Amino acid sequence: MSINVREIAHKDIPSLVDYWMSSDPDFLVGMGVDLDKMPAKETLEKAFSEQIDTTYRDKQSYALIWELDGKAIGHTNINQIQFGKRAHMHLHLWYGGNRKKGMGSTLVMKSLPFFFKNYELDELYCEPYALNPAPNKTLAKIGFEFVKTYETIPGSINFFQEVNQWRLTREKFQELRLKNES
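As a convention, each chain's residues are numbered from 1 in the sequence order in which they are written. In view of the model being predicted, local features appear only for residues whose pLDDT reaches at least 70, and side-chain atom pairs are presented and counted only at 80 or more, with totals across whole chains, interfaces and linings using the full set of residues. Remark: hydrogens and water are excluded; side-chain values derive from all non-hydrogen atoms of the structure.

Our focus in this paragraph is helix 1 (residues 13-22). Partly exposed residues are those whose accessible area sits between 20% and 50% of the maximum for their type, while under 20% is buried and over 50% is exposed, using a 1.4 Å probe and protein chains only. In this description a helix means any DSSP run of H or I spanning at least four residues, a strand means any run of E spanning at least two, and both kinds are numbered starting from the N terminus. Within the sequence span of helix 1, burial applies to I13, L16, V17, Y19 and W20. Mapping the buried residues of helix 1 onto a view down its axis gives an arc of 150°, with all of them on the same face. Between two residues, a contact is recorded if the distance between any of their heavy atoms is within 4.5 Å. Packing partners of the buried residues in helix 1 comprise helix 2 (25-30), helix 3 (41-52), strand 2 (61-68), strand 3 (71-82) and strand 4 (86-93). In this context, the arc is that of the directions from the helix axis out to the C-beta atoms.

Here you go:
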């Protein structure tokens, strides 16, 4: 089994759009999505294309594709980017058959160097829906620090919800990296 992480490319746009447009509504709601706020297919296609064609410093969002044996199976992205300071990360495994198999931790660990290096981050946050256990377990397992639980609308397509805020500092990331290399 080969797990790989790479930057998004134009060839990935149909799969990304399909994930958002074709996912089971109950699955989307389970991760905090307000179905009435979902953008149109064309809007998503344009946003992904613009993201790919924009420099790191000017991106509103930055996505990585997760691959298993050469096939795209999910993505992670950051937004709320403050270059050289912080960003917020989101995690998405596209297919139910790939969830709950323990590969989320590996995928996230392989993604972190892209975020910290390309955006010179001091802090990386992730705020999953508090009632969505998978990302919360993954973040704890990796070594993210639990900060707090609070209510908010975490993104443009979300409903008002309770989220768990997790943080990973550059220093902690370096420690984890060294630990995983030994």
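That was the structure; now back to the text.
The salt bridge definition used is simple: a Lys or Arg side-chain nitrogen within 4 Å of an Asp or Glu carboxyl oxygen. Taken as a whole and judged by the stated rule, the model has 6 salt bridges. Among the salt bridges present, the one from R86 reaches E123, with a minimum N-O distance of 3.3 Å. Here E123 lies in strand 5 (residues 123-126) and R86 lies in strand 4, a separation of 37 residues in the sequence. Residue R167 pairs with E123 through a salt bridge whose shortest N-O separation is 3.4 Å. Of this pair, R167 sits in strand 7 (residues 161-169) while E123 is found in strand 5, placing the two residues 44 residues apart along the sequence. What emerges from the salt-bridge pattern is a single network uniting R86, E123, E145 and R167.

Core analysis: the biggest nonpolar cluster contains 30 residues, and I78, M89, L107, L112, F115, L124 and F144 have the highest contact counts within it. At 8 residues, the largest contribution of residues to this core is made by helix 4 (residues 103-119). Residues within four places of I78 in sequence aside, it is in contact with Q60, S61, Y62, A87, H88, M89, F115, Y119 and L124. By convention a nonpolar core is built from buried Ala, Val, Leu, Ile, Met, Phe, Trp, Tyr and Cys residues, the set being connected through side-chain atoms within 4.5 Å. If you look at the next biggest cluster of nonpolar residues, it comprises 18 residues, including I8, I13, W20 and I52.

Below, the discussion takes up unusual backbone geometry. If a residue is not glycine, its phi is most likely negative; likewise, a peptide bond is most likely trans. Even without glycine at this site, D69 takes up a positive phi of about 50°. Of note, D69 is situated in the loop between strand 2 and strand 3. Overall, D69 belongs to the exposed group, its relative accessible area being 54%.

Since the α-helix turns once every 3.6 residues, residues separated by three or four places project in the same direction. Looking only at helix 5 (residues 133-142), the buried set comprises P135, N136, T138, L139 and I142. For helix 5, the buried positions fall inside an angular range of 160° around the axis, keeping them on one side. Counted as exposed and oriented over 90 degrees from the buried face of helix 5: K137 and K141. Turning to helix 5, the residues buried within the fold contact strand 4, helix 4, strand 5, strand 7 and helix 6 (170-181).

A word on the confidence of the model for the chain. Per-residue confidence for the chain gives a mean pLDDT of 93; residues scoring 70 or more make up 99%. A residue's pLDDT is the predictor's confidence in that residue, given on a scale from 0 to 100. Here helix 6 stands out as the element of the chain with the lowest mean pLDDT, 87, in contrast to strand 5, whose mean of 98 is the highest.

Next up on the list: the sheet that holds strand 4. Sheet strands pair by backbone hydrogen bonding; their relative direction is either parallel or antiparallel. Paired strands, as defined in this entry, are two strands with at least two bridges between them according to DSSP. Ordered by their spatial adjacency, 7 strands build an open sheet running 1-2-3-4-5-7-6, and the pairing between neighbours is mixed. The sheet terminates laterally at strand 1 (3-7) and strand 6 (145-152), the two strands that pair on one side only. This sheet shows a mean twist of 25° between the axes of neighbouring strands, independent of strand direction. Where strand 3 meets strand 4, 7 bridges bridge the pair, whose relative direction is antiparallel. Bridge pairing links I78 to M89 in strand 4. Orientation is described by axes fitted as lines to C-alpha atoms, over the contacting stretch for helices, and by angles from 0 to 180 degrees between their N-to-C directions. Here helix 5 sits on the sheet in contact with strand 4, strand 5 and strand 7, set at roughly 20° to strand 7.

Below, the discussion takes up the pairing of strand 7. Pairing geometry for strand 5 and strand 7, over 4 bridges, is antiparallel. Within strand 7, the position partnered with L124 by the bridge is L168. Sheet analysis places strand 6 next to strand 7, joined by 7 bridges and oriented antiparallel. Paired with E145 across the bridge in strand 7 is R167.

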